[in-house]
Amino acid sequence: MRARPLVRCVDVGSSPALLTHGGAGGWSRERAEKAVRVVKAAAEAGWRKLLELVEPLDAVAVAVKHLEDSGVLNAGRGSVLTLNGIVEMDAGLMDSNGVVGAVAAVRRIANPILAALIVARETPHVLMASVGAEKLAEAFGVRLHPGPLPERVAAAHLRRRRERDRLLLRLWLEKAGLAPADTVGAVARYEGLVAAGTSTGGVSFKLEGRVGDTPIPGAGFYASRRVACSATGIGEAILADMVCLRIAEGYGDSGLEGAVEGVLRRFGERHPRASVGVITVSSSGEACIGVYNAAMPYALMAEGIREAGICGEAR
Ligand code: ASP
(Lines give C-alpha, C1' and ligand atoms only; values in the text may rest on other atoms or scores of the structure.)
Protein backbone atom coordinates (compact mmCIF):
# COMPACT_ATOMS: atom_id res chain seq x y z
CA MET A 1 0.00 0.00 0.00
CA ARG A 2 1.30 3.45 -0.88
CA ALA A 3 2.12 5.69 2.08
CA ARG A 4 -0.12 8.74 2.49
CA PRO A 5 1.17 12.23 3.17
CA LEU A 6 0.78 13.44 6.71
CA VAL A 7 0.33 17.17 7.23
CA ARG A 8 -0.03 19.12 10.47
CA CYS A 9 -0.88 22.82 10.43
CA VAL A 10 -1.09 25.44 13.17
CA ASP A 11 -2.61 28.90 12.81
CA VAL A 12 -0.19 31.30 14.49
CA GLY A 13 -2.36 34.33 13.77
CA SER A 14 -0.36 37.53 13.52
CA SER A 15 2.48 36.18 15.68
CA PRO A 16 6.04 35.90 14.44
CA ALA A 17 6.87 32.22 13.98
CA LEU A 18 9.89 30.02 13.56
CA LEU A 19 10.04 26.34 12.72
CA THR A 20 12.97 23.94 12.51
CA HIS A 21 13.37 20.38 11.25
CA GLY A 22 15.91 17.64 11.71
CA GLY A 23 15.48 15.66 8.51
CA ALA A 24 13.03 13.21 6.98
CA GLY A 25 13.91 9.55 7.22
CA GLY A 26 13.50 6.44 9.30
CA TRP A 27 14.05 7.47 12.92
CA SER A 28 14.52 5.09 15.86
CA ARG A 29 12.75 6.27 19.01
CA GLU A 30 16.01 6.84 20.84
CA ARG A 31 17.61 8.95 18.13
CA ALA A 32 14.36 10.77 17.49
CA GLU A 33 14.19 11.90 21.11
CA LYS A 34 17.69 13.34 20.89
CA ALA A 35 16.86 15.05 17.60
CA VAL A 36 13.69 16.60 19.00
CA ARG A 37 15.74 18.16 21.81
CA VAL A 38 18.11 19.65 19.24
CA VAL A 39 15.46 21.02 16.87
CA LYS A 40 13.68 22.54 19.88
CA ALA A 41 16.83 24.26 21.13
CA ALA A 42 17.55 25.53 17.59
CA ALA A 43 14.00 26.86 17.27
CA GLU A 44 14.46 28.68 20.58
CA ALA A 45 17.75 30.20 19.37
CA GLY A 46 16.13 31.35 16.11
CA TRP A 47 13.11 32.61 17.98
CA ARG A 48 15.23 34.77 20.29
CA LYS A 49 16.91 36.25 17.23
CA LEU A 50 13.54 36.86 15.57
CA LEU A 51 12.38 38.78 18.62
CA GLU A 52 15.39 41.10 18.29
CA LEU A 53 13.47 42.35 15.26
CA VAL A 54 16.10 41.17 12.82
CA GLU A 55 15.10 40.03 9.36
CA PRO A 56 13.64 36.50 9.38
CA LEU A 57 16.52 35.43 7.13
CA ASP A 58 18.95 36.08 10.02
CA ALA A 59 16.74 34.15 12.43
CA VAL A 60 16.69 31.24 9.98
CA ALA A 61 20.50 31.36 9.69
CA VAL A 62 20.88 31.35 13.49
CA ALA A 63 18.53 28.36 13.84
CA VAL A 64 20.23 26.38 11.07
CA LYS A 65 23.70 27.22 12.42
CA HIS A 66 22.62 25.84 15.79
CA LEU A 67 21.52 22.63 14.05
CA GLU A 68 24.79 22.44 12.07
CA ASP A 69 26.83 22.86 15.26
CA SER A 70 24.93 20.18 17.19
CA GLY A 71 26.92 17.32 15.66
CA VAL A 72 23.78 15.24 16.14
CA LEU A 73 22.18 15.89 12.77
CA ASN A 74 23.37 15.54 9.20
CA ALA A 75 24.66 19.04 8.54
CA GLY A 76 27.78 20.98 9.45
CA ARG A 77 29.68 19.09 12.15
CA GLY A 78 27.49 15.98 11.99
CA SER A 79 27.53 15.63 8.19
CA VAL A 80 27.59 12.14 6.75
CA LEU A 81 30.42 11.17 4.42
CA THR A 82 30.71 10.50 0.72
CA LEU A 83 31.60 7.09 -0.63
CA ASN A 84 35.25 8.06 -0.27
CA GLY A 85 34.95 9.25 3.30
CA ILE A 86 34.87 13.00 2.67
CA VAL A 87 32.49 15.59 4.08
CA GLU A 88 30.70 17.49 1.31
CA MET A 89 27.94 19.84 2.39
CA ASP A 90 25.24 21.91 0.71
CA ALA A 91 23.13 24.76 2.08
CA GLY A 92 20.87 27.53 0.89
CA LEU A 93 18.52 30.22 2.09
CA MET A 94 16.09 32.78 0.70
CA ASP A 95 13.56 35.35 1.83
CA SER A 96 10.45 36.86 0.40
CA ASN A 97 12.37 39.93 -0.78
CA GLY A 98 14.20 37.63 -3.19
CA VAL A 99 17.47 37.64 -1.22
CA VAL A 100 18.89 34.21 -2.06
CA GLY A 101 22.20 32.39 -1.66
CA ALA A 102 23.49 28.83 -1.62
CA VAL A 103 26.67 26.78 -1.51
CA ALA A 104 27.25 23.29 -2.86
CA ALA A 105 29.85 20.60 -2.27
CA VAL A 106 31.82 22.57 0.34
CA ARG A 107 34.23 20.56 2.48
CA ARG A 108 36.17 22.84 4.75
CA ILE A 109 33.75 25.17 6.48
CA ALA A 110 31.88 24.61 9.73
CA ASN A 111 28.69 26.46 8.82
CA PRO A 112 27.57 26.18 5.20
CA ILE A 113 24.40 28.15 6.05
CA LEU A 114 26.57 31.17 6.97
CA ALA A 115 28.44 30.76 3.68
CA ALA A 116 25.07 30.77 1.90
CA LEU A 117 24.14 33.97 3.73
CA ILE A 118 27.42 35.54 2.57
CA VAL A 119 26.70 34.53 -1.04
CA ALA A 120 23.25 36.11 -0.67
CA ARG A 121 24.32 39.36 0.95
CA GLU A 122 27.87 39.97 -0.28
CA THR A 123 27.97 38.74 -3.87
CA PRO A 124 25.91 39.15 -7.04
CA HIS A 125 25.70 35.33 -7.31
CA VAL A 126 23.12 32.81 -6.13
CA LEU A 127 24.94 29.46 -6.01
CA MET A 128 28.64 28.95 -5.37
CA ALA A 129 30.37 25.58 -5.26
CA SER A 130 33.41 23.90 -3.85
CA VAL A 131 36.74 25.75 -3.37
CA GLY A 132 35.45 29.15 -4.50
CA ALA A 133 32.64 29.05 -1.97
CA GLU A 134 35.06 27.98 0.76
CA LYS A 135 37.47 30.82 0.00
CA LEU A 136 34.65 33.35 0.08
CA ALA A 137 33.37 32.01 3.42
CA GLU A 138 36.84 32.06 4.92
CA ALA A 139 37.36 35.65 3.79
CA PHE A 140 34.24 36.57 5.76
CA GLY A 141 35.42 34.70 8.85
CA VAL A 142 33.31 31.53 8.76
CA ARG A 143 34.99 28.89 10.93
CA LEU A 144 36.62 25.82 9.41
CA HIS A 145 34.92 22.45 9.68
CA PRO A 146 36.11 21.08 13.02
CA GLY A 147 37.67 17.64 13.22
CA PRO A 148 37.73 14.97 14.36
CA LEU A 149 34.49 13.54 13.09
CA PRO A 150 31.85 12.66 15.67
CA GLU A 151 32.31 9.00 16.61
CA ARG A 152 28.85 8.14 15.34
CA VAL A 153 29.76 9.40 11.84
CA ALA A 154 33.17 7.69 11.74
CA ALA A 155 31.83 4.33 12.96
CA ALA A 156 28.90 4.40 10.59
CA HIS A 157 31.20 5.16 7.70
CA LEU A 158 33.57 2.31 8.51
CA ARG A 159 30.70 -0.11 8.77
CA ARG A 160 29.28 1.01 5.49
CA ARG A 161 32.59 0.98 3.67
CA ARG A 162 32.81 -2.76 4.23
CA GLU A 163 29.60 -3.12 2.29
CA ARG A 164 30.77 -0.73 -0.37
CA ASP A 165 31.48 -3.10 -3.20
CA ARG A 166 28.17 -4.83 -2.93
CA LEU A 167 26.24 -1.63 -2.45
CA LEU A 168 27.84 0.28 -5.27
CA LEU A 169 26.10 -1.72 -7.92
CA ARG A 170 22.76 -1.32 -6.20
CA LEU A 171 23.36 2.37 -5.72
CA TRP A 172 23.62 2.88 -9.43
CA LEU A 173 20.68 0.66 -10.23
CA GLU A 174 18.33 1.92 -7.59
CA LYS A 175 18.68 5.63 -7.23
CA ALA A 176 15.55 5.80 -5.13
CA GLY A 177 17.34 3.63 -2.57
CA LEU A 178 19.51 6.57 -1.47
CA ALA A 179 19.10 7.13 2.24
CA PRO A 180 18.35 10.64 3.42
CA ALA A 181 19.28 11.43 7.00
CA ASP A 182 18.90 14.20 9.51
CA THR A 183 19.22 17.19 7.20
CA VAL A 184 18.30 20.44 8.94
CA GLY A 185 16.22 23.47 8.10
CA ALA A 186 14.26 26.42 9.42
CA VAL A 187 11.55 28.78 8.21
CA ALA A 188 10.53 32.01 9.86
CA ARG A 189 7.91 34.68 9.56
CA TYR A 190 7.99 38.19 10.93
CA GLU A 191 5.12 40.49 10.09
CA GLY A 192 4.78 40.27 6.32
CA LEU A 193 8.20 38.74 5.65
CA VAL A 194 9.02 35.04 5.41
CA ALA A 195 12.35 33.22 5.02
CA ALA A 196 13.66 29.68 4.67
CA GLY A 197 17.01 27.89 4.96
CA THR A 198 18.26 24.31 4.66
CA SER A 199 21.63 22.66 5.28
CA THR A 200 22.87 19.11 4.76
CA GLY A 201 25.78 16.74 4.44
CA GLY A 202 23.70 15.13 1.67
CA VAL A 203 22.75 11.47 1.42
CA SER A 204 25.19 9.07 2.99
CA PHE A 205 27.38 7.04 0.64
CA LYS A 206 26.86 9.50 -2.18
CA LEU A 207 29.39 9.89 -4.93
CA GLU A 208 31.85 12.75 -4.62
CA GLY A 209 30.52 15.79 -6.44
CA ARG A 210 26.89 14.76 -6.06
CA VAL A 211 24.68 17.74 -5.23
CA GLY A 212 21.10 17.23 -4.08
CA ASP A 213 18.13 19.51 -3.66
CA THR A 214 19.37 21.42 -0.61
CA PRO A 215 21.31 24.26 -2.28
CA ILE A 216 18.87 24.66 -5.16
CA PRO A 217 16.29 27.44 -4.75
CA GLY A 218 12.83 26.03 -5.40
CA ALA A 219 13.91 22.49 -4.54
CA GLY A 220 15.37 22.26 -1.00
CA PHE A 221 14.41 25.78 0.04
CA TYR A 222 12.37 28.67 -1.31
CA ALA A 223 10.61 31.83 -0.30
CA SER A 224 7.99 33.55 -2.40
CA ARG A 225 6.30 36.76 -1.28
CA ARG A 226 3.81 34.68 0.70
CA VAL A 227 5.35 31.30 1.54
CA ALA A 228 8.69 30.00 2.87
CA CYS A 229 9.59 26.31 2.65
CA SER A 230 12.47 24.06 3.73
CA ALA A 231 12.55 20.49 2.40
CA THR A 232 14.37 17.29 3.28
CA GLY A 233 14.37 13.75 1.88
CA ILE A 234 15.65 12.13 -1.30
CA GLY A 235 17.25 15.06 -3.10
CA GLU A 236 16.97 13.58 -6.58
CA ALA A 237 13.19 13.28 -6.27
CA ILE A 238 12.80 16.66 -4.55
CA LEU A 239 14.81 18.29 -7.35
CA ALA A 240 12.75 16.60 -10.04
CA ASP A 241 9.56 17.91 -8.42
CA MET A 242 10.89 21.32 -7.27
CA VAL A 243 8.96 20.66 -4.08
CA CYS A 244 9.36 24.03 -2.33
CA LEU A 245 8.66 26.07 -5.46
CA ARG A 246 5.59 23.97 -6.15
CA ILE A 247 4.26 24.51 -2.62
CA ALA A 248 4.81 28.26 -2.86
CA GLU A 249 3.19 28.41 -6.31
CA GLY A 250 0.35 26.13 -5.25
CA TYR A 251 -0.57 28.38 -2.33
CA GLY A 252 -4.05 29.67 -3.04
CA ASP A 253 -7.62 29.20 -1.99
CA SER A 254 -7.02 25.95 -0.15
CA GLY A 255 -4.42 27.64 2.07
CA LEU A 256 -1.00 26.34 2.96
CA GLU A 257 -2.33 23.00 4.18
CA GLY A 258 -3.95 22.34 0.80
CA ALA A 259 -0.77 23.33 -1.05
CA VAL A 260 1.45 21.09 1.08
CA GLU A 261 -0.95 18.16 0.87
CA GLY A 262 -1.31 18.48 -2.89
CA VAL A 263 2.44 18.63 -3.49
CA LEU A 264 3.19 15.70 -1.17
CA ARG A 265 0.44 13.61 -2.77
CA ARG A 266 1.84 14.32 -6.23
CA PHE A 267 5.34 13.53 -4.94
CA GLY A 268 4.10 10.15 -3.66
CA GLU A 269 2.50 9.34 -6.98
CA ARG A 270 5.63 10.19 -8.92
CA HIS A 271 8.19 8.76 -6.49
CA PRO A 272 6.39 6.15 -4.38
CA ARG A 273 9.59 4.82 -2.84
CA ALA A 274 11.25 8.14 -2.12
CA SER A 275 10.64 10.23 0.98
CA VAL A 276 10.20 13.92 1.66
CA GLY A 277 9.49 16.22 4.59
CA VAL A 278 8.75 19.95 4.59
CA ILE A 279 8.28 22.80 7.03
CA THR A 280 6.47 25.85 5.69
CA VAL A 281 5.13 29.16 6.89
CA SER A 282 2.95 31.72 5.15
CA SER A 283 3.01 35.48 5.54
CA SER A 284 -0.57 35.27 6.82
CA GLY A 285 0.32 32.99 9.72
CA GLU A 286 -0.12 29.37 8.66
CA ALA A 287 2.64 27.01 9.73
CA CYS A 288 2.58 23.49 8.23
CA ILE A 289 4.77 20.46 8.71
CA GLY A 290 4.39 17.61 6.21
CA VAL A 291 5.98 14.27 5.43
CA TYR A 292 5.58 11.58 2.83
CA ASN A 293 7.00 8.12 3.53
CA ALA A 294 9.16 9.38 6.40
CA ALA A 295 9.22 10.65 9.93
CA MET A 296 10.70 14.06 10.78
CA PRO A 297 11.53 15.82 14.04
CA TYR A 298 10.30 19.40 14.12
CA ALA A 299 9.73 22.29 16.48
CA LEU A 300 7.44 25.29 16.23
CA MET A 301 7.65 28.53 18.20
CA ALA A 302 5.09 31.34 18.09
CA GLU A 303 3.42 33.56 20.66
CA GLY A 304 1.79 31.18 23.14
CA ILE A 305 2.85 28.15 21.07
CA ARG A 306 5.75 25.83 21.95
CA GLU A 307 5.51 22.60 20.06
CA ALA A 308 8.11 19.92 19.33
CA GLY A 309 7.81 16.33 18.22
CA ILE A 310 7.97 13.89 15.36
CA CYS A 311 5.77 14.28 12.30
CA GLY A 312 5.14 10.71 11.14
CA GLU A 313 6.12 7.60 13.04
CA ALA A 314 9.50 6.80 14.58
CA ARG A 315 10.29 3.08 14.44
N1 ASP B 1 17.74 16.24 0.76
C2 ASP B 1 19.09 15.92 1.17
C3 ASP B 1 19.90 15.54 -0.06
O4 ASP B 1 19.38 14.83 -0.91
C5 ASP B 1 19.18 14.81 2.15
C6 ASP B 1 18.22 14.89 3.33
O7 ASP B 1 17.30 15.67 3.33
O8 ASP B 1 18.41 14.12 4.29
O9 ASP B 1 21.06 15.88 -0.14
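Scroll up for the structure.
Residues numbered from 1 in each chain as written. Predicted model: local features only at pLDDT ≥ 70, side-chain atom pairs only at ≥ 80, totals over all residues. Heavy atoms only, no water.

## Re the packing of helix 8 (residues 243-250) against helix 9 (residues 255-270)
Piece 1. Direction vectors running N to C along helix 8 and helix 9 enclose 140°, while the axes themselves pass 8 Å from each other. The orientation of helix 8 with respect to helix 9, classified from their angle, is oblique. In this structure, helix 8 meets helix 9 at a crossing whose hand is right-handed. Residue-level contacts link Val243, Arg246, Ile247 and Gly250 of helix 8 to Leu256, Ala259, Val260, Val263, Arg266 and Phe267 of helix 9.
Piece 2. Residues belonging to the contact of helix 8 with helix 9 are distributed by class as follows: seven nonpolar, one polar and two charged. (Axes fitted to C-alpha atoms, helices over the stretch in contact; angles between N-to-C directions. Helix = DSSP H or I, 4+ residues; strand = E, 2+ residues; numbered from the N terminus. Parallel < 35°, antiparallel > 145°, perpendicular 65-115°, else oblique. Left-handed = near helix turned anticlockwise from the far one by under 90°. Contact = heavy atoms within 4.5 Å. Nonpolar A, V, L, I, M, F, W, Y, C, P; charged D, E, K, R; others polar.)

## Some points on the packing of aromatic side chains
Piece 1. According to the stated counting rule, one finds one aromatic pair in the structure shown.
Piece 2. Ring geometry for phenylalanine 267 against tyrosine 292: centres 6.0 Å apart, planes inclined by 65°, an arrangement best described as edge-to-face. Placement of phenylalanine 267 in helix 9 and of tyrosine 292 in strand 11 (residues 286-292) is noted, with a sequence separation of 25 residues between them. As far as the burial class goes, phenylalanine 267 and tyrosine 292 line up, both buried. (Phe/Tyr/Trp six-rings, centres within 6.5 Å; stacked < 30°, edge-to-face > 60°. Buried < 20%, exposed > 50% of the residue type's maximum accessible area, 1.4 Å probe, protein only.)

## Comments concerning the pattern of salt bridges
Piece 1. Here the structure, examined in full by the defined rule, presents 14 salt bridges.
Piece 2. When the shortest N-O distance is used, the salt bridge between aspartate 182 and arginine 31 registers 2.8 Å. In this pair, aspartate 182 sits in the loop between helix 6 (164-173) and strand 6 (184-190) while arginine 31 sits in helix 1 (residues 29-51), placing the two residues 151 residues apart along the sequence. (Salt bridge = Lys/Arg side-chain N within 4 Å of Asp/Glu carboxyl O.)

## Notes on the state of the cysteines
Piece 1. Under the counting rule described, the total for this entry stands at two disulfides.
Piece 2. The disulfide bridge from cysteine 9 ends at cysteine 288, spanning 2.0 Å between sulfur atoms. Linking cysteine 9 and cysteine 288, the disulfide has an S-S dihedral of approximately 110° and is accordingly described as right-handed. With cysteine 9 in strand 1 (residues 6-11) and cysteine 288 in strand 11, this pair connects stretches of sequence that are 279 residues apart.
Piece 3. Judged by its relative accessible area of 25%, cysteine 9 is partly exposed.
Piece 4. A sulfur-sulfur distance of 2.3 Å marks the disulfide that ties cysteine 229 to cysteine 244. Every disulfide takes its handedness from the sign of the S-S torsion; for cysteine 229 and cysteine 244 that torsion is -60°, giving left-handed. (Disulfide = S-S within 2.5 Å.)

## Describing the sheet that holds strand 12 (residues 296-302)
Piece 1. Strand order in the open sheet formed by eight strands is 5-4-3-7-6-2-12-13, and the pairing between neighbours is mixed. On the outer flanks of this sheet lie strand 5 (127-129) and strand 13 (305-311), each paired with one strand and no other. Averaged over all pairs of adjacent strands, the angle between strand axes in this sheet comes to 10°, irrespective of strand direction.
Piece 2. Across seven bridges, the pairing between strand 12 and strand 13 is antiparallel. Its bridge partner being in strand 13, alanine 299 is matched across the sheet by alanine 308.
Piece 3. Most of the contacts of helix 1 go to strand 12, to which it runs at about 30°, and overall it touches strand 2 (17-21), strand 6, strand 12 and strand 13. (Pairing = 2+ DSSP bridges.)

## A few points about the side chain of serine 15
Piece 1. Within the secondary structure layout, serine 15 lies in the loop between strand 1 and strand 2.
Piece 2. For serine 15, a relative accessible area of 4% translates into the label buried.
Piece 3. Setting aside chain neighbours within four positions, we find serine 15 in contact with Trp47, Arg189, Ala302 and Glu303.

## Some thoughts on the sheet that holds strand 9 (residues 227-233)
Piece 1. One open sheet holds the five strands; their spatial order is 1-11-10-9-8, and the pairing between them is antiparallel. In this open sheet, the two edge strands, each paired with only one partner strand, are strand 1 and strand 8 (221-223). Adjacent strand axes in the sheet meet at a mean angle of 10° when their direction is disregarded.
Piece 2. Pairing between strand 9 and strand 10 (residues 276-282): seven bridges, direction antiparallel. Note on strand 10: the bridge partner recorded for alanine 228 is valine 281.
Piece 3. Contacting strand 8, strand 9 and strand 10, helix 8 crosses the sheet at an angle of about 150° to strand 9.
Piece 4. Against the sheet, helix 9 contacts strand 1, strand 9, strand 10 and strand 11, and its axis sits at roughly 15° relative to strand 11.

## Observations regarding the pairing of strand 3 (residues 89-95)
Piece 1. Counted residue by residue, strand 3 has seven buried out of seven residues, so it is predominantly covered.
Piece 2. What sits between strand 3 and strand 4 (residues 100-106) in their antiparallel hairpin is a turn of four residues, with glycine 98 showing a positive phi close to 85°.
Piece 3. Alignment of strand 3 against strand 7 (residues 193-200), held across six bridges, turns out to be antiparallel. Each residue of the ladder has a partner; that of aspartate 95, found in strand 7, is alanine 195.

Geometric descriptors of this kind do not, in isolation, establish any biological role.
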